Amino acid sequence: MTQTKLKVGCQTFTWEMLGKAWAGGPDDLLKAIADGGYAGIEITDTMIGRYADRPSEFAAALKSSGLTLVSFAFGSKSGFTLKEEIGADLEAAQRWIDFASAFPGALVSMGSATVVSEGPRDDKFAIAAEIYNKAGELGRKAGVQVAVHPSSHHNTLLFDRADYDRIFALLDPDLVGWVPDTGHILRGHKDMADTLRTYRDRIRYIHLKDVDADGTWAMLGKGVCDTQTVIEIANTAPRFNGWLVLEEESETAAADPAGAVKTNRQTMRGYGA
């Protein structure tokens with residue numbers, strides 16, 4: 001079995017989910033994540049703030065914090081399912097691919113296709129696949145890997161195993177990778193491990209998140225996610241780059257995001273990462 005050196009990053013949605021209750025900026029995120037003991041960060045278009053058009057300045061801030069940009073994640077109000085917004089969504093993809101290209105090895109993660117309008121689901125899968133594939137081609141030309149991040153949030157088009165099977169059948173595996181999120185898979189699938197194994201050739205990096213038996217977000221190690229199995233499967237994935245990105249959405253994190261992500265980093269050390 002191929003063993004990949006594990007690296008642990010942190011996703012900024014832990015703060016983003018707080019909405020207006022979070023008044024900080026990207027430098028505050030870098031400090032909290034570095035202080036938490038992480039080696040990398042996945043930041044979103046919502047949280048990048050003043051660095052959005054200043055990749056060189058962000059690179060300097062990352063270096064000062066001792067962090068690597070694992071991935072830049074973005075979504076769209078279109079849910080990537082509106083035909084009339086395909087052009088705008090691809091313009092956004094190009095913008096963030098260009099941004100990520102300033103950071104060697106960084107990926108661009110595209111959010112889950114989401115239902116935002118009436119109409120047949122078949123059409124929405126086709127539109128989402130077209131956007132993801134075309135974005136993947138843009139990434140290929142720029143030397144930046146593009147991946148899709150399905151979720152279990154409200155109105156997602158990519159919730160259960162049948163949805164995963166359907167979208168992956170439409171995606172070019174050489175153009176569009178997969179960022180599996182353990183928490184989202186557990187909320188929508190009966191067998192997380194089987195889903196990971198079935199599509200392991202598409203895995204680029206992992207989002208580690210935990211839920212309890214009822215699907216409520218839990219701190220890492222406090223729910224039903226078999227983290228050791230996830231790591232073992234990832235180590236058989238030929239395109240896995242070694243990054244485990246922790247993302248915390250529990251009530252504990254809502255009360256103290258910096259404290260929660262620091263605790264999760266300590267938990268990961270128990271898994272040898």
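Residues numbered from 1 in each chain as written. Predicted model: local features only at pLDDT ≥ 70, side-chain atom pairs only at ≥ 80, totals over all residues. Heavy atoms only, no water.

## Comments concerning the side chain of Ser112
As a reminder of what qualifies: A run of DSSP states H or I qualifies as a helix once it reaches four residues; a run of E qualifies as a strand once it reaches two. Both are numbered from the N-terminal end. Accessibility here uses a 1.4 Å probe with only protein chains present; expressed as a share of the type maximum, an area under 20% marks a residue as buried, one over 50% as exposed, and anything in between as partly exposed. Polar contact is the term for a pair of N or O atoms within 3.5 Å; when the atoms are in protein, one must be able to donate a hydrogen and the other to accept it, and sequence-neighboring residues count only if both atoms are side-chain atoms. Contacts: residue pairs with any heavy atoms within 4.5 Å of one another.
Relative to the helices and strands, Ser112 is located in the loop between β4 (107-110) and α5 (121-142). The exposure class of Ser112 is buried, given its relative accessible area of 10%. Engagement of the side chain of Ser112 in a polar contact is seen with the backbone nitrogen of Ser151, the distance being 3.2 Å. When residues no more than four places from it in sequence are discounted, the contact partners of Ser112 are Gly79, Phe80, Tyr132, His149, Pro150, Ser151, Thr156 and Leu158.

## Considerations on the pattern of salt bridges
The following threshold applies: Any Lys or Arg side-chain nitrogen located within 4 Å of an Asp or Glu carboxyl oxygen qualifies as a salt bridge.
Taken as a whole and assessed by the stated rule, the structure comprises 15 salt bridges. Its salt-bridge partner being Asp163, residue Arg121 comes within 2.8 Å of it at the nearest N-O pair. In this pair, Arg121 sits in helix α5 while Asp163 sits in helix α6 (residues 161-170), placing the two residues 42 residues apart along the sequence. We classify Arg121 as partly exposed; its relative accessible area is 37%. Overall, Asp163 belongs to the buried group, its relative accessible area being 9%.

## Let's talk about the packing of α5 against α6
Cut-off, in case you're wondering: The angle between two axes is taken between their N-to-C directions and runs from 0 to 180 degrees, where each axis is a line fitted to C-alpha atoms and a helix contributes only its stretch in contact. An angle below 35 degrees is treated as roughly parallel, one above 145 as roughly antiparallel, one from 65 to 115 as roughly perpendicular, and anything else as oblique. By definition, turning the near helix anticlockwise from the far helix through less than a right angle yields a left-handed crossing, and turning it clockwise yields a right-handed one. Three classes are used: nonpolar for Ala, Val, Leu, Ile, Met, Phe, Trp, Tyr, Cys and Pro, charged for Asp, Glu, Lys and Arg, and polar for all others, with Gly counted as polar.
Between α5 and α6, the shortest axis-to-axis distance is 9 Å and the interhelical angle comes to 50°. As summarised for this structure, α5 and α6 are arranged oblique, according to the angle between their axes. Here α5 and α6 pass one another in a crossing that is right-handed. Packed against α5, whose contacting residues are Arg121, Asp122, Phe125, Ala126, Ala128, Ala129, Tyr132 and Asn133, the element α6 presents Asp163, Arg166, Ile167 and Leu170 at the interface. A per-class count over the contact of α5 with α6 returns 7 nonpolar, 1 polar and 4 charged.

## Considering the environment of Gly136
As for its position among the elements, Gly136 is in helix α5. On the accessibility criterion, Gly136 (2% relative accessible area) is buried. Remark: the alpha-carbon pair of Gly136 and Ile41, spanning 95 residues in sequence, is separated by 22 Å. The residues contacting Gly136, other than those within four sequence positions of it, are Val146, Leu175 and Val176.

## A look at helix α4 (residues 86-100)
Basically, it comes down to this: Take the residue count of a helix, subtract one, and multiply by 1.5 Å to get its expected span.
The end-to-end C-alpha distance of α4 is 21 Å, a good match for the 21 Å that 15 residues give at a rise of 1.5 Å each. Burial in α4 covers these residues: Ile86, Asp89, Leu90, Ala93, Trp96, Ile97, Phe99 and Ala100. Where α4 is buried, its residues meet α3 (55-65), β3 (68-74), β4, α5 and β5 (146-148).

## Quick word on the pairing of β4
To keep things clear, this is the line we draw: The pairing criterion for strands is at least two bridges between them, as found by DSSP. Every crossover in which the path from the first strand over the helix to the second runs clockwise, viewed with the strands pointing away from the viewer, is termed right-handed.
Side chains Leu107 and Ser109 project from β4 onto one buried face, and the interleaved Val108 and Met110 project onto a second face that is buried too. Two strands pair when backbone bridges link them, and β3 and β4 are joined in this way by 4 bridges, in the parallel orientation. Residue pairing across strands places Ala73 opposite Ser109, the latter belonging to β4. In this fold, β3 hands off to α4, which returns the chain to β4; that crossover is right-handed. Bridge count for β4 against β5 is 3 bridges, and the pairing is parallel. Each bridged residue has a counterpart across the sheet, and for Met110 the counterpart in β5 is Val148. Between the parallel pair β4 and β5, the chain is carried across by α5, and the sense of this crossover is right-handed.

## What to know about the sheet that holds strand β7 (residues 206-208)
Ordered by their spatial adjacency, 8 strands build an open sheet running β6-β5-β4-β3-β2-β1-β10-β7, and the pairing between neighbours is parallel. Of all strands in the sheet, those bounded by a partner on one side alone are β6 (176-178) and β7. Between one strand and the next, the sheet's axes are offset by a mean angle of 30°, whatever the strand orientation. Across the sheet, helix α11 (residues 257-269) lies against β1 (7-11), β7 and β10 (243-246), angled at about 145° from β10, the strand it touches most.

## Some thoughts on the UniProt feature "domain: Xylose isomerase-like TIM barrel" (unreviewed entry) in the protein chain
The line we're drawing: UniProt positions are given in the numbering used here, feature names are shortened, and annotations may be inferred rather than shown by experiment.
Annotation from UniProt places "domain: Xylose isomerase-like TIM barrel" (unreviewed entry) at residues 31-266. Note that residues 31-266 is 42% helix and 14% strand, and that its end C-alpha atoms are spaced 17 Å apart.

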